[in-house]
Structure formats: C-alpha cells, structure tokens
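Below, each chain spelled out in residue letters.
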Amino acid sequence: MTWDRFHDLAGDLDYPMVIVTAAADGEQAGCLVGFAAQCSIEPLRFMVWLSKKNRTYRVARRSAVLVVHFPAPTNRDLAVLFGGETGDEVDKFSRCRWRLGPSDVPVLTDCARWFAGRVVERSDTGDHVGFLMEPVNGEAAPWAGQLGFRAVMDIDPGHDA
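Below you will find a few notes about this structure. Bear in mind the structure is a predicted one, so any value in this text is a computation, not a measurement.

### Re the side chain of H69
Tracing the backbone shows H69 in strand β5 (residues 65-69). Given the relative accessible area of 0%, H69 is considered buried. One polar contact links the side chain of H69 to the main-chain amide nitrogen of L108, over a distance of 3.0 Å. Those residues in contact with H69, other than ones at most four positions away along the chain, are V18, I19, T21, P106, V107, L108, C111, R113 and W114.

In structure tokens:
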C-alpha cells in the first residue's frame, strides 16, 4: 500500500475533534486535536496526540494534568479559535469564556462535555507525542452531537501538523 492510498483511506474518516488545554509554570495553552481516543477500560485511559510544532505541546510536556473538551457542532467557533490560531501569536483565552479547572488548567465554559486527566505517560510517536491520561474529573452534559473532522476541514491551521 502506498502513502497516497493510506492518505485516501485515513482522510475519508470523520475523526472526533477535541480541544486540549494545558497549564504549566504560569502559561496556558490549547489546541484543536484530531488524534484522540479512549485506549483502555481497566484501568481507564485516554490518549491525545499533540504536534511537536505547536505551543500546546510545549506547555503540555510540563503539565501534570490536561483537560480534554468534546465540542458539539454548535462549538465550531471554539474549533476555529483553537485550530486556526496559534498561541505563539494570539492569546486564545482572551477570546473565549473559560474558568480555572483541576490543577489550574483552563476549562472552556462553552464546551459542556470535558474531562481532566492526569498524565501518566508520554510517548513519542513521530511528529506527534501521545499523552496517556487517567481521567480524574469532568462534566458530561447531555449529548448534543459531536464535532467531527469533516466539519473543520476548512480551518487553516495555526501551525502545520
């Protein structure tokens, strides 16, 4: 199988999009993420992969806790903000509503479904690093649908992947 064929296969999937926030040493960061999944039931584990090129990765590698938000289709504005801007140039948190969450990591208040996870392991997987988390806290408002990759394909990324 050639790379082009794999890209065609993977590109057809409608991955769930999440927004990951981090805080460390007085810095806050957040980004839109397309690589994320529950990866164990017992013990309960979830993993997100962050691009090494992005500011959120640089803050997250120093953070003991990350917050994973599950945006609904009505949260596309947050996806545009956290996916189309870079924290190297813009204070994303001055452009949205948020509050301090567990370990002082920002929780986006317009995203009603989220969890905080204690980072238990980091895995270098190539151009992205996987952050394996143990969920420790969160909120699960009623299901309002899922923002998928196809709904955000038109967003020009703040950083290349």
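### Structural notes on unusual backbone geometry
Cis geometry is adopted by the peptide bond preceding P43, which originates at E42 and carries an omega value of 5 degrees. For P43, the position within the fold is in the loop between β3 (36-40) and β4 (45-51). Its identity is not glycine, yet S103 carries a phi of approximately 55 degrees, on the positive side. Note on placement: S103 falls in the loop between β6 (98-100) and β7 (106-108). You will see that D104, though not glycine, has its phi angle at about 65 degrees, which is positive. Mapping D104 onto the fold places it in the loop between β6 and β7.

The rules behind these values
Residues numbered from 1 in each chain as written. Predicted model: local features only at pLDDT ≥ 70, side-chain atom pairs only at ≥ 80, totals over all residues. Heavy atoms only, no water. Helix = DSSP H or I, 4+ residues; strand = E, 2+ residues; numbered from the N terminus. Buried < 20%, exposed > 50% of the residue type's maximum accessible area, 1.4 Å probe, protein only. Polar contact = N/O pair within 3.5 Å; in protein donor to acceptor, adjacent residues only side chain to side chain. Contact = heavy atoms within 4.5 Å.

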